[in-house]
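Structure at a glance
Below are the chains, spelled out letter by letter.
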Amino acid sequence: MDGDWTEAEVGDFLRSRRARIRPEEVGLPAHGRRRVPGLRREEVAQLAGVSVDYYIRLEQGRGTSVSDAVLDAVARVLRLDETEHAYLRTVARPGRQRRKPAAAPRVRPGVQILLDGMEHNPAFVLGRSMDVLAWNALGDAVSGFGRLAPAERNVPRLVFLDPASRELYPEWTAVAAQTVAQLRLLAGRYADDPGLCALVGELTMKSEDFRRLWTDHEVRECAFGVKKVRHPVAGLLTLPYETLTIPADPEQTIVVYTPEPGSETAERLALLGSWASSTAR
């Protein structure tokens, strides 16, 4: 993703956030015909205390020297949450230093030992493109990463390009929206990553659902939550999850499913683990 992409992104993001705020919500009169929903650029500029020309340059991606104070004011007017605010700072002032071509990411042996030690919790590691880099036995039993080719071990590809995902996730619509919101956050954070650019381009071409969700410009940090999985052997699993960023490798994240001990899902996972072990033997 090059500078042209980030210039378009900041404008699209700000316009999408202007459109969701009604004038009366910020104390402006609602009368008068409006060509587009939400606030006008002039109104955002007025409420943020900057000139209209300055704000227009920001929406056009020409505000790379914009101050924190201005971005904070714009975020306040547009009622951005903490994640959206951080995202605006990232895409409004993208780093211009190009990354060297990245080597294939590797998970340190100690991290794999950590995964394997979590015998009762499915766990896996995601890279910055949401590629699945490593997993433990129960994580494989739940998600089947080991049967996939390396290029297929990518969460967005599985969600949008694998027809089986709609059966795997009973709440597929919510999972899809969450996946796109996380991917957009990563795409803003690593705007010069060619792998991420290729992934977004591929999904845009191949999935109408992805295209629709991508244009919503939702950004969300999926640090914890609950996901439901309909497993062909274990049945319906309700899986709370937590994520942990690896300090030595901050572009890698451990995802751990954490069902409550003694719950039906925990019991089903125990049976699934026994079944997977016997099948492997």
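Residues numbered from 1 in each chain as written. Predicted model: local features only at pLDDT ≥ 70, side-chain atom pairs only at ≥ 80, totals over all residues. Heavy atoms only, no water.

**Structural notes on the packing of helix 2 (residues 41-48) against helix 3 (residues 52-59)**
Spelled out, the test is: A fitted line through C-alpha atoms serves as each axis, taken over the contacting stretch for helices, and the angle formed by two N-to-C directions is quoted from 0 to 180°. Strands are runs of DSSP state E lasting at least 2 residues, helices are runs of H or I lasting at least 4, and numbering of each runs from the N terminus. With respect to orientation, any angle under 35 degrees is reported as roughly parallel, any angle over 145 as roughly antiparallel, any angle of 65 to 115 as roughly perpendicular, and every other angle as oblique. With the far helix as reference, a near helix turned anticlockwise by less than a right angle produces a left-handed crossing, and one turned clockwise produces a right-handed crossing. Between two residues, a contact is recorded if the distance between any of their heavy atoms is within 4.5 Å. Each residue gets one label: Ala, Val, Leu, Ile, Met, Phe, Trp, Tyr, Cys and Pro are nonpolar, Asp, Glu, Lys and Arg are charged, and the others, such as Gly, are polar.
Across the interface, helix 2 lies against helix 3 with an axial gap of 9 Å and an inter-helix angle of 115 degrees. On the basis of their axis angle, the class for helix 2 and helix 3 is roughly perpendicular. As helix 2 packs across helix 3, the resulting crossing turns out to be right-handed. Contacts from Arg41, Glu42, Val44 and Ala45 in helix 2 reach Val52, Tyr55, Ile56 and Glu59 in helix 3. Looking at the contact of helix 2 with helix 3 residue by residue, the class counts come to five nonpolar, no polar and three charged.

**Overview of the pattern of salt bridges**
Heads up, the rule is: A side-chain nitrogen of Lys or Arg and a carboxyl oxygen of Asp or Glu constitute a salt bridge if their distance falls within 4 Å. Note on exposure labels: buried denotes an accessible area under 20% of the residue type's maximum, exposed denotes more than 50%, and partly exposed covers the range between, all computed with a 1.4 Å probe on protein chains only.
Applying the stated criterion across every chain, the model contains 22 salt bridges. Salt-bridge contacts for Glu9 lead to Arg184; the nearest nitrogen and oxygen are separated by 2.5 Å. With a gap of 175 residues between them, Glu9 in helix 1 (residues 3-19) and Arg184 in helix 10 (residues 172-189) connect regions that are remote in the sequence. Overall, the relative accessible area of 3% leaves Glu9 in the buried class. Between Arg15 and Glu59 there is a salt bridge, and its shortest N-O distance comes to 3.6 Å. Of this pair, Arg15 sits in helix 1 while Glu59 is found in helix 3, placing the two residues 44 residues apart along the sequence.

**What about the layout of surface pockets?**
The gaps left among the atoms become clear once a water-sized probe is rolled over them. This is how it is decided: Both site types are read off a 1 Å grid over the protein atoms alone. A 1.4 Å probe that fits but cannot get out defines a cavity, while an open set with protein on both sides within 12 Å along at least five of seven lines defines a pocket; lining residues have an atom within 4 Å of a point. Grid points are joined across faces, edges and corners, and a volume is the space filled by probe spheres set on the points.
Roughly 1,100 Å³ of internal volume is contained in the largest pocket. For the largest pocket, the lining is made up of 48 residues, of which Phe124, Phe145, Val155, Tyr169 and Tyr257 are closest to its centre. When residues of the lining of the largest pocket are assigned to their parent elements, the largest contribution, six residues, is made by helix 10. Along the lines of polarity and charge, the residues of the lining of the largest pocket split into 27 nonpolar, eleven polar and ten charged.

**Focus on helix 10**
For an α-helix, 3.6 residues make a turn, and residues three or four places apart therefore share a direction. This is how it is decided: Here a helix's expected span is defined as the number of its residues, less one, multiplied by 1.5 Å.
For helix 10, built from 18 residues, the straight-helix expectation of 26 Å at 1.5 Å per residue is met to within 8% by its first-to-last C-alpha distance of 26 Å. Within helix 10, 14 of the 18 residues are buried, which leaves it mostly tucked inside the rest of the structure.

**A short note on unusual backbone geometry**
Positive phi, normally seen in glycine, also occurs at Arg79, with a value near 55 degrees. For Arg79, the position within the fold is in the loop between helix 4 (68-77) and helix 5 (82-92). On the basis of relative accessibility, which here comes to 47%, the residue Arg79 falls in the partly exposed class. Despite not being glycine, Met130 has its phi angle at roughly 65 degrees, a positive value.

**A look at the environment of Phe145**
Secondary-structure assignment places Phe145 in the loop between helix 7 (137-143) and helix 8 (155-161). The class for Phe145 is buried, based on a relative accessible area of 4%. Spatially, the C-alpha atom of Phe145 lies 8.7 Å from that of Ala134, the residues being eleven residues apart in sequence. Contacts of Phe145, omitting those with residues within four sequence positions, involve Phe124, Val132, Trp135, Gly139, Asp140 and Arg153.

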